[in-house]
Amino acid sequence: MKKTLKYLSLGLLSTILTATPGLGAERISFFFPPLGEFSLSADSLELFAKEGKINNELGFYAQRATPQQLAQLRDLLQQRFNLTPTLVSQFTYSPIGEEVVRRLGELVLTDSRQNGFFALRAALILAAADPQGLTVVNVLRKYPSNTVRLNFAEGLGIVKNLSELLKTRDAVVTFIQKEVNTGVANSTVDFSQQPDLRLPGTFGLEKINFTFNDSKRERQLPVDLYLPQATPQSRTNAASPPFPLIVISHGLASDRYAFIYLAQHLASHGFAVAVLEHPGSNAERFQQFFAGLAGPPDAKELINRPMDVKYVLDELQQLEKSDPKLQGKLNFQQVGAIGHSYGGYTVLSLAGAKINFQQIRRVCKPNRSLNLSVLLQCSATDLLPINYQLKDDRIKVVIAVNPFNSSIFSQSGVSQIQVPVMLVGSSQDIVTPVVPEQIIPFTWLPNPNKYLALIENATHFTAIAEPTPENSVLPVPPALLGPNPAPAYSYLRALSVAFLETHLLKRPEYRSYLQPSYAQYISKEPLNLSLVQSLTADQLAQALNGASRQSAAPASP
């Protein structure tokens, strides 16, 4: 029935959008005990958004805000999100989209003080279809009620929780930076006299395309294999066929070009790199989803993704025995995996992390987390709670960039990873927040050969190659992209080579690059890089306790 209503709504969409506009919200009302109920007209907000003018009505509130806060409010009101009504409809009718709108509906109530879920969904779709586009003011104009009632108490609770999360993040990041500075002070290595791992290596490369068909799971898997090619300069290099093999797994709504810069760099240093696409959660699937031609990614992707990697390794292993282009070229005793976001989850599961269904049920029934990635992790509640065999013993090392794992694995799942791991986190990541998704899980890893790379001021999207019109599916606002990502690309190039050479190829001469001092040496503002070799649960608790005391202190006016 739910699916029928969804497609019926899409079929009626054009009729709704061309109809005469109905009732729109004229006022925003909120109750602030003990002072009573306050309200503000939508006209006042629209005047402020368009002309920057503050009338008497808005002035009552504006005098209590700083100029910076008013500027931020106007920026928010003016922000136009370039989303089509079909895309907004598809998202808000998907399980995750419904959860997001329902949570917003707890803040944005109807006239009768009920959850504004249905009204808000309708307003978002209608605003996206309006020539003026999807803006906050336009959503108000399309809201099917005279008054939008804000749940002020709920809003204050969310603001308080967000404030505490930010203070926690800042306290932990500061603590890590202090620990790093101590390590840097004790370093005696002169990196200016050592090879620069940020630069390409001496190998050329050949790119070979495959499409593997897993008929049992009905999955077609496009794969690009970057194979090192000998050059006059590379003949003096220690690397030679068979080459160690690295698999790269992309994130949600991405594709096999998202880390092309890293694949090419590793190939130039003598690594064969297989970059695959996951058909259930790649850019093409999302284009179909937003066009109304396919459903959203389902929970089975949590299992299918690691199985995709296993299948690609199986196929390449067979081809290495029969294909003249690959014979003697790939070393399946030296396999590593790199993944971003959903791909980070993928490679951690391949390394041995187990889904913790008890923890998932605890966190997700109901889900009150402000961590956006938990929405995706909670999709695991739709899986059969069995012991999925996702680990691949061929994979000897993993690098997970902005992964999610806090709820779906928890400590019990992450602690089962026995191979060397590098986790990469971004301090301004609001999709997979750095403290719960990378820093805390780092303390759960049992292997002493583990590293935490922290990129300050980077976001969830910093490490991804700049999108092209062909692969830009999710409309990410510029503010969420962060500063110029070029320094982050160089960090990943250098640290990946150092980590893989040290722990996959067992070349100890590269271990010096895995020191905090090297991270500081290549670090560039504003994307400053820190590298942590050890962080205990007790040390992290100390930093978190400091953040708690700071949160408990009286706020300044």
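Before any of the text, the structure's been laid out above.
Remember, it's a predicted structure, so these values are computed and weren't measured experimentally.

Now for the overall build of the protein. Helix and strand counts for the protein come out as 22 helices and 13 strands. Per-residue burial over the protein gives 51% buried out of 557 residues. Here the contacts in the protein between residues at least 6 apart in sequence split such that 76% fall between residues at least 24 apart. Of the roughly 25800 Å² of accessible surface on the protein, a fraction of 55% belongs to carbon and sulfur atoms.

The next thing to look at is the packing of helix α7 (residues 95-105) against helix α8 (residues 117-129). It is at 8 Å that the axes of α7 and α8 come closest, and there the two elements cross at 115°. Relative to α8, the element α7 is oriented roughly perpendicular. Crossing hand, α7 versus α8: right-handed. Contacts between α7 and α8 involve Glu98, Val101, Arg102, Leu104 and Gly105 from the first element and Phe117, Leu120, Arg121 and Leu124 from the second. By residue class, the composition of the contact of α7 with α8 is five nonpolar, one polar and three charged.

Take the nonpolar core next. Counting residues in each nonpolar core, the largest one holds 75 residues, and the members touching the most others are Ile176, Leu245, Leu316, Tyr345, Leu383, Ile408 and Ile439. Top element by residues in this core is helix α13 (residues 301-322). It accounts for seven residues. In contact with isoleucine 176, other than residues within four places in its own chain, are Ile439, Leu452, Leu454, Val532 and Leu535.

Tracing the sequence through the fold places glutamate 284 in helix α12 (residues 283-290). On the basis of relative accessible area, glutamate 284 is assigned to the partly exposed category, the value being 48%. Residues glutamate 284 and serine 254, 30 residues apart in the sequence, show an inter-C-alpha distance of 8.3 Å.

Attention shifts here to helix α3 (residues 42-51). Inspection of α3 places Ala42, Ser44, Leu45, Glu46, Phe48 and Ala49 among the buried residues, and these make up the whole buried set. Just beyond α3, the residue with positive phi is glycine 52, at close to 75°.

Taken in spatial order, the nine strands make up an open sheet running β5-β6-β8-β7-β9-β10-β11-β12-β13, and their pairing is mixed. Single-partner strands in this sheet number two, and they are β5 (204-214) and β13 (529-532). Put simply, the sheet's adjacent strands are angled 20° from each other on average, direction ignored. Here four bridges tie strand β6 (residues 219-229) to strand β8 (residues 272-276), and the two strands are oriented antiparallel to one another. Residue pairing for β8: aspartate 224 is matched across the bridge by valine 275.

Before going further, it helps to examine the packing of aromatic side chains. One pass over the structure, following the stated rule, counts 18 aromatic pairs. Ring centres of phenylalanine 191 and tyrosine 513 lie 6.2 Å apart, and the angle between their planes is 40°; on these two criteria the pair is classed as tilted. One end of the pair, phenylalanine 191, is in the loop between α10 (152-185) and β5; the other, tyrosine 513, is in the loop between α20 (486-503) and α21 (516-522), with 322 residues separating them in the sequence. When its relative accessible area of 5% is taken as the criterion, phenylalanine 191 is described as buried. By relative accessible area, tyrosine 513 is classed as buried at 3%. Relative to tyrosine 521, the ring of phenylalanine 191 has its centre 5.8 Å away and its plane inclined at 35°; by these criteria the two rings are tilted. Here the residue phenylalanine 191 occupies a position in the loop between α10 and β5, and tyrosine 521 occupies one in helix α21, the gap between them amounting to 330 residues. An aromatic cluster of three or more residues is present, and its members are Phe191, Tyr510, Tyr513, Tyr518 and Tyr521. Between arginine 102 and the ring centre of phenylalanine 117, over which it is positioned, the NZ or CZ distance is 4.0 Å. Positioned over the ring face of tyrosine 342 is arginine 305, at 4.3 Å from the centre of the ring.

Most of strand β11 (residues 421-426) is tucked away, with six of its six residues classed as buried. Across four bridges, strand β10 (residues 395-401) lies against β11 in parallel orientation. Paired with isoleucine 399 across the two strands is methionine 422, which belongs to β11. Examined bridge by bridge, β11 and strand β12 (residues 450-455) share six bridges and lie parallel to one another. Among the inter-strand pairings, glycine 425 is bridged to a residue of β12, identified as leucine 454. In this region the chain leaves β11, passes through helix α18 (residues 434-444) and returns to the parallel neighbour β12; the handedness of that crossover is right-handed.

About the thresholds
Residue numbers here run from 1 along each chain, matching the order of that chain's written sequence. Note on the predicted model: pLDDT of at least 70 is required for a residue's local features to be given, and 80 or more for side-chain atom pairs to be given and counted; whole-chain, interface and lining totals, by contrast, use all residues. To obtain the side-chain values, all non-hydrogen atoms of the structure were included, while hydrogens and water were left out. Helix and strand definitions here come from DSSP, where helices need a minimum of 4 consecutive H or I residues and strands a minimum of 2 consecutive E residues; each element is numbered from the N-terminal end. Think of it in three bands: residues with accessible area under 20% of the maximum for their type are buried, residues over 50% are exposed, and the middle band is partly exposed, with areas taken using a 1.4 Å probe on protein chains only. Every residue pair with non-hydrogen atoms within 4.5 Å of one another is taken to be in contact. For the accessible areas, the method is Shrake-Rupley and the probe is 1.4 Å, while residue cover comes only from the protein chains on display. An axis is simply a line fitted to the C-alpha atoms; with a helix, the fit covers only the stretch in contact. Between two such axes, the angle follows the N-to-C directions and lies from 0 to 180 degrees. Note on angle classes: values under 35 degrees are labelled roughly parallel, values over 145 roughly antiparallel, values of 65 to 115 roughly perpendicular, and the remainder oblique. In a left-handed crossing the near helix is turned counterclockwise from the far helix by less than a right angle, and in a right-handed crossing that turn is clockwise. The classification used treats Ala, Val, Leu, Ile, Met, Phe, Trp, Tyr, Cys and Pro as nonpolar, Asp, Glu, Lys and Arg as charged, and all other residues, Gly among them, as polar. Side-chain atoms within 4.5 Å link the members of a nonpolar core, which is a set of buried Ala, Val, Leu, Ile, Met, Phe, Trp, Tyr and Cys residues. In this description, strands pair whenever DSSP reports at least two bridges between them. Working definition: rings of Phe, Tyr and Trp (its six-membered ring) pair if their centres are within 6.5 Å, and the pair is stacked with planes under 30 degrees apart, edge-to-face with planes over 60 apart, and tilted otherwise. Placement of a positive charge over a ring is assigned whenever Lys NZ or Arg CZ falls within 6 Å of the ring centre and within 35 degrees of the normal to the ring plane. A clockwise path from the first strand over the helix to the second, with the strands pointing away from the viewer, defines a right-handed crossover.

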